Amino acid sequence: MGENDPFGAVRELEHDGTTYKMADLTVLEEEGLCELDKLPVSIRILLESVLRNVDGKNITADDVRNAASWQPDVPDVELPFQPSRVVLQDLTGVPAVVDLAALRSAVDRKDRDPSIVEPEIPCDLVIDHSVQVDYFGDEDAYEKNVELEYERNEERYRSIKWAQQAFENFEVVPPGTGIVHQVNLEHLGRVVHEREEDGDEWLVPDTLVGTDSHTPMIGGIGVVGWGVGGIEAEAAMLGQPITMGLPEVVGVRLEGDLPEGATATDLVLHLTEKLRQVGVVDRFVEFYGPGVENLTVADRATISNMAPEQGSTISMFPVDDKTLEYLELTGRDQDHIELVKEYLDAQGLFGEQEPEYTETVDFDLSTVEPSLAGHKKPHSRIPMGDLDEHFPNLLEDQGVVQADGAAEVKHDLELGDKVPVTLDDGTEVEIGHGSVLVSAITSCTNTSNPSVMLAAGLLARNAVEKGLDVPDYVKTSLAPGSRVVTAYLEESGLMDDLEELGYSVVGYGCTTCIGNSGPLQDPIKDAIDEHDLWATSVLSGNRNFEARIHPKIAANYLASPPLVVAYGLAGRMDIDLEEDPIGHDDEGNPVFLEDIWPDTEELHDMVHNSVSPEMFEEKYASVYEGDERWEALEAPTGDVYDWDDESTYIREPPFFQDFPLEEPGVEDIANARCLMTLGDTVTTDHISPAGPFGEDLPAGQWLKERGVEPHEFNTYGSRRGNHEVMMRGTFANVRIENEMLDGKTGGYAKHLPSGEETTVFEASGRYRDDDTPLIVMSGIEFGTGSSRDWAAKGTDLLGIRATIAKSYERIYRDNLLGMGVLPLQFEDGEGWEELGLDGTEVYSIEGLDDGLEMNDELTVVAEHEDGETTEFNVTAQVSTPAAVEYIENGGVLHKVLRELLTEE
């Protein structure tokens, strides 16, 4: 808590015999600094953090005034925000652990006490992103997959277990518990914290940042939280305020109710499409209006989860009576629930709010229809009834099948044609364009929601009763968000029906949606390659970017869990399930989707009768203990990590080795080369893929040279504790297209001036050997997608000093700043193509020698091969004084380490 109280805002609240301190927002209204009921709820919560943490140094009284000055036309002011906790998942959490361990090693080398590197706020790491779907379709799938998970990730898990004993404020939720966001929603989230500080009991709003872009799911229970890269999260752990611009807030007024047959997932896809059209990047979103009370908290969380796909920083709902009922349902202590209500009432934060907003958007829930999103963007919504037209049009657009007037196609296989495939067990099947090869109930988007999970079970029951089955070529899976989901599916009796169709539990974690869908059978992959098939996947997730689900599957569709099962049964995506039969019963009669769709009243009764507080209390009673595998796992101990130079999973990164105490500062970038020219919507998956990789790629070659066999490679995501693998995997997605190479896809670049084509990693190494700085140029939405810190770390390690894009996704931009890489933006209407550039030029970035300022206007001079030059202006996407300091220090952790080492 702050050390002074310039506004006299620290007041007391008595509850059940305990006296708590709180930073009372109403004091600011009394002082005439703001009208609280006109401020969006999220702004009031940020304001409380600033008010409570005033110390006259990092956070000042002027910062409070700035935060209180929020208006719909937001003033251009900065806000130093200190969250109350940090949440990590293991793919991004392991790099954070490695960085913290590296910081301790750096401090130890300077003969200082390494324990000065210690999280100052509570941190929870949930191991949920490492399980893969190797086994599926039988009751032993979970046990087999978790055994493989431990076998593959034992070294990573040891490092996490080391961190659990090395750091005071660091808890670990072991594998097999659930998806980080559902564990956060069902258990970790408090809405209001009771905290002890210097002998006093305080009440503070639950706020957080998390190393996953879907952290905003917690907004479903009215908690302000958003995704950041591991770099920024580590800084927050170490007590650094997150310095941000005061955000605009968009209010979405909901009215009406969902119609019969529409699910929360359908609503999410509509809202994602709508908010992308509105434009909410860098903005907060709050939902209000009469329609809010018609949504369950699980429905609200499903919406909040997809804030990154909407483009917003957060998407949150008010705390109301339904929120309190949810806290009770999920086993929270009754006294705490009463305290939440009393504190929020005192702050004016409970119940329906209608403040002023920067922009308002109206949305009628009754207009929602069954939908999917695809084939590679989560905001590209397709009404279910349009899929039979969408897919043929897609194949024509891609030149896969013959279009009217088309000169050529890739091959002669037409839509509807099938090729025979003999599966590994001898089963004969036929597949073609549009065949569903993966049907997965997965991810945090839906598996927190009993209504859609039980709907999937009811649809499965009805399908089994009709004699329907899933084709043998479809890889089916069920990855519940928590063990509670399994409990209520079993309580309802529907788990047996899901298993009958092949949807058995494969693990508790983010599987298919993160790219951990596991292997396809070799005969399937061979048929795809031989016939250039556009196969499909359907999943109840939130991400469907190119090559994310599986490198061999070209088109991926997001859908509700019941629709995932429906398309799994159909076995194809080029079908209109509103008109065409999904299959045939035992007597050969057609069965339509409406014949097996769950009855609304039965579904409501099933939710009411199958979900109980006792389930949550039982499943979370020993949440930090883990199973016998975790208990038996031996891990290092001590304050300083014992690095193994032979390890292929965990290695000390180079960021803090030979660390200078003086900050490097900034200077003009001269005679740089362009490593890649990229188009629009290049995602963090393109920049730093998470899935499997082959032995022909630089990362695979490095591992093979060290005796690791290809079947032991695991995934890029699992190797994030090893910079040698990750820098070789940067810009290595099989679908990324460097437009300097005339249509060639994959992680390749042209070395200049030699003109030789090689891998991105090899080319960058040659440039590094010649002390040639690098840039990358891109189009709009550069770095959209997951909050993947290695997308920025890898960029830095390749020697890329600056990126130039038409626009950036927030998290990637902030991660670049956190690594000391300068994100620059073209002027409106300009880009590398519009300026007549092709990447072969020599680039100089001028205007840095005199120092970097916020939103600095810089000049880029591109010298062409013929000696002519193109000069253009760019804007540095550096909008806060803290971001300037990060660039000047070479990164945020470099700044933190310098401060630690120079403190008396």
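Here, the structure is the one placed above.
Residues numbered from 1 in each chain as written. Predicted model: local features only at pLDDT ≥ 70, side-chain atom pairs only at ≥ 80, totals over all residues. Heavy atoms only, no water.

Turning our eyes to something else, we now look at the overall build of the chain. Secondary structure summary: the chain contains 30 helices and 34 strands in total. In summary, the chain has a C-alpha radius of gyration of 27 Å against a globular reference of 29 Å for 904 residues, a match within 12%. Its C-alpha atoms give the chain principal-axis dimensions of roughly 80 × 75 × 55 Å. Looking at the chain as a whole, 64% of its 904 residues are labelled buried. When the accessible surface of the chain is totalled, it reaches about 32000 Å², and 39% of it is carbon and sulfur. On the chain, the mean spot of the 63 positive side-chain charges and the mean spot of the 184 negative ones are 3 Å from each other. (Helix = DSSP H or I, 4+ residues; strand = E, 2+ residues; numbered from the N terminus. Rg over C-alpha atoms; globule rule 2.2 N^0.38 Å. Buried < 20%, exposed > 50% of the residue type's maximum accessible area, 1.4 Å probe, protein only. Areas by Shrake-Rupley, 256 points an atom, 1.4 Å probe, with all protein chains shown as cover. Lys, Arg positive; Asp, Glu negative; His and termini not counted. Charge placed at Lys NZ, Arg CZ, Asp CG, Glu CD.)

The subject of this paragraph is the sheet that holds strand S14 (residues 314-316). The strand order across the open sheet formed by four strands is S14-S13-S12-S15, and the pairing between neighbours is parallel. Of all strands in the sheet, those bounded by a partner on one side alone are S14 and strand S15 (359-364). Taken over all neighbouring pairs, the strand axes of this sheet differ in orientation by 20° on average, direction set aside. The sheet contacts of helix H2 (residues 41-52) involve strand S12 (249-255), strand S13 (284-288) and S14, and relative to S13 the element is tilted by about 125°. (Pairing = 2+ DSSP bridges. Axes fitted to C-alpha atoms, helices over the stretch in contact; angles between N-to-C directions. Contact = heavy atoms within 4.5 Å.)

Right, let's talk about the sheet that holds strand S10 (residues 224-227) for a bit. Strand order across the open sheet formed by five strands is S6-S5-S4-S9-S10, with parallel pairing between neighbours. Both outer strands of the open sheet, strand S6 (170-173) and S10, are each paired with one neighbouring strand and no more. This sheet shows a mean twist of 20° between the axes of neighbouring strands, independent of strand direction. Lying over the sheet, helix H5 (residues 141-166) contacts strand S5 (123-126) and S6, oriented at roughly 140° with respect to S6.

Another point: the pairing of strand S27 (residues 748-751). Sheet topology note: the S27/strand S28 (residues 756-759) ladder contains four bridges and is antiparallel. In the strand pairing of S28, Lys750 is matched with Glu757.

Bringing the environment of Asp580 into the picture now. By the secondary structure assignment, Asp580 is in the loop between helix H18 (561-570) and strand S24 (583-584). Since its relative accessible area comes to 28%, Asp580 is described here as partly exposed. Spatially, the C-alpha atom of Asp580 lies 49 Å from that of Tyr624, the residues being 44 residues apart in sequence.

This paragraph deals with unusual backbone geometry. Omega for the bond connecting Gly374 with His375 falls within 30 degrees of zero, at 10°, which places this linkage in the cis form. Mapped onto the secondary structure, His375 falls in the loop between strand S16 (371-373) and strand S17 (381-383). A cis amide bond links Leu752 with the next residue in sequence, Pro753, at an omega value of 10°. Tracing the backbone shows Pro753 in the loop between S27 and S28. With phi around 55°, Asp771 is a residue other than glycine that occupies positive phi space. Mapping Asp771 onto the fold places it in the loop between helix H26 (760-769) and strand S29 (774-777). With a phi angle near 50°, Asn855 is a residue other than glycine that sits in the positive phi range. Tracing the chain through its elements places Asn855 in the loop between strand S32 (842-846) and strand S33 (857-863).

Another aspect to go through is the pattern of salt bridges. By the definition in use, this model includes 47 salt bridges. A salt bridge links Glu48 to Arg52; the nearest nitrogen and oxygen atoms lie 2.7 Å apart. Within this pair, Glu48 and its partner Arg52 are both found in helix H2, separated by four residues, close to a single helical turn. Salt bridges here are not isolated pairs; linked through shared partners, they connect Glu143, Glu147, Asp627, Glu628 and Arg629. (Salt bridge = Lys/Arg side-chain N within 4 Å of Asp/Glu carboxyl O.)

Right, let's get into a negative patch on the surface. A cluster of acidic side chains, namely Glu139, Asp140, Asp424, Asp425, Asp469, Asp472, Glu490, Asp496, Glu499 and Glu500, defines a negative patch on the protein surface. Ranked by residue count, the leading element in the negative patch is helix H16 (residues 495-500), at three residues. Judged by its relative accessible area of 58%, Asp424 is exposed. (Patch = residues over 30% accessible without salt bridge, like charges linked within 9 Å, V, L, I, M, F, W, Y side chains within 5 Å.)

What follows is about the side chain of Thr263. Looking at the element boundaries, Thr263 is found in the loop between S12 and helix H8 (264-278). Beyond its immediate stretch of four places on either side in the chain, Thr263 contacts Leu258, Val452, Ser560, Pro562 and Trp597.

This part takes up the side chain of Arg673. Structurally, the position occupied by Arg673 is in strand S26 (residues 669-677). Comment: no salt bridge for buried Arg673; closest opposite-charge side chain is Glu865, at 5.9 Å. Those residues in contact with Arg673, other than ones at most four positions away along the chain, are Leu752, Pro753, Tyr767, Thr772, Pro773, Leu774, Ile775, Thr840, Glu841 and Val842.

All told, the structure shown has 18 aromatic pairs when counted by the stated rule. Look at Phe693 and Phe713: their rings are 5.4 Å apart centre to centre, the planes differ by 15°, and that puts the pair in the stacked class. With Phe693 in the loop between helix H23 (684-687) and helix H24 (698-705) and Phe713 in the loop between H24 and helix H25 (723-728), this pair connects stretches of sequence that are 20 residues apart. Each member of the pair Phe693 and Phe713 is classed as buried. Counting every residue linked through ring pairs, the aromatic cluster contains Trp162, Phe167, Phe170, Tyr641 and Trp643. When the ring centre of Trp630 is taken as origin, the NZ or CZ atom of Lys161, which lies over that ring, is 5.5 Å away. (Phe/Tyr/Trp six-rings, centres within 6.5 Å; stacked < 30°, edge-to-face > 60°. Lys NZ or Arg CZ within 6 Å of the ring centre and 35° of its normal.)

The next thing to look at is the state of the cysteines. Here the structure, examined in full by the defined rule, presents zero disulfides. No disulfide involves Cys513; its sulfur sits 5.0 Å from that of Cys510, the nearest cysteine. (Disulfide = S-S within 2.5 Å.)

Attention now moves to the environment of Asp257. Position of Asp257 relative to the elements: it lies in the loop between S12 and H8. Between the C-alpha atoms of Asp257 and Thr367, which are 110 residues apart in sequence, the distance is 8.8 Å. Not counting the four nearest positions on each side in its chain, Asp257 is found in contact with Asn294, Leu365 and Ser366.

The terminal C-alpha atoms of helix H4 (residues 90-109), which comprises 20 residues, lie 27 Å apart, in line with the 28 Å expected from a rise of 1.5 Å per residue. Of the residues flanking the start of H4, the one acting as N-cap is Gln89, its side-chain oxygen 2.7 Å from the backbone nitrogen of Leu91. Following H4 by one or two positions, Asp111 has its phi on the positive side, about 60°. (Expected span 1.5 Å × (residues − 1). Polar contact = N/O pair within 3.5 Å; in protein donor to acceptor, adjacent residues only side chain to side chain.)

When you line up the elements, Val682 lands in the loop between S26 and H23. Looking at Val682, the relative accessible area reads 6%, which means it is buried. Separated by 199 residues in sequence, Val682 and Pro881 place their C-alpha atoms 28 Å apart. Sequence-distant contacts of Val682, that is, excluding residues within four places in its chain, are made with Ile687, Ile736, Ser778, Glu781, Phe782, Gly783 and Thr784.

So, about H24. Within the sequence span of H24, burial applies to Pro698, Ala699, Gly700, Trp702 and Leu703. On the buried face of H24, the contacting elements are H25, S28 and H26.

Don't take any of this as a statement about function, it's just geometry.
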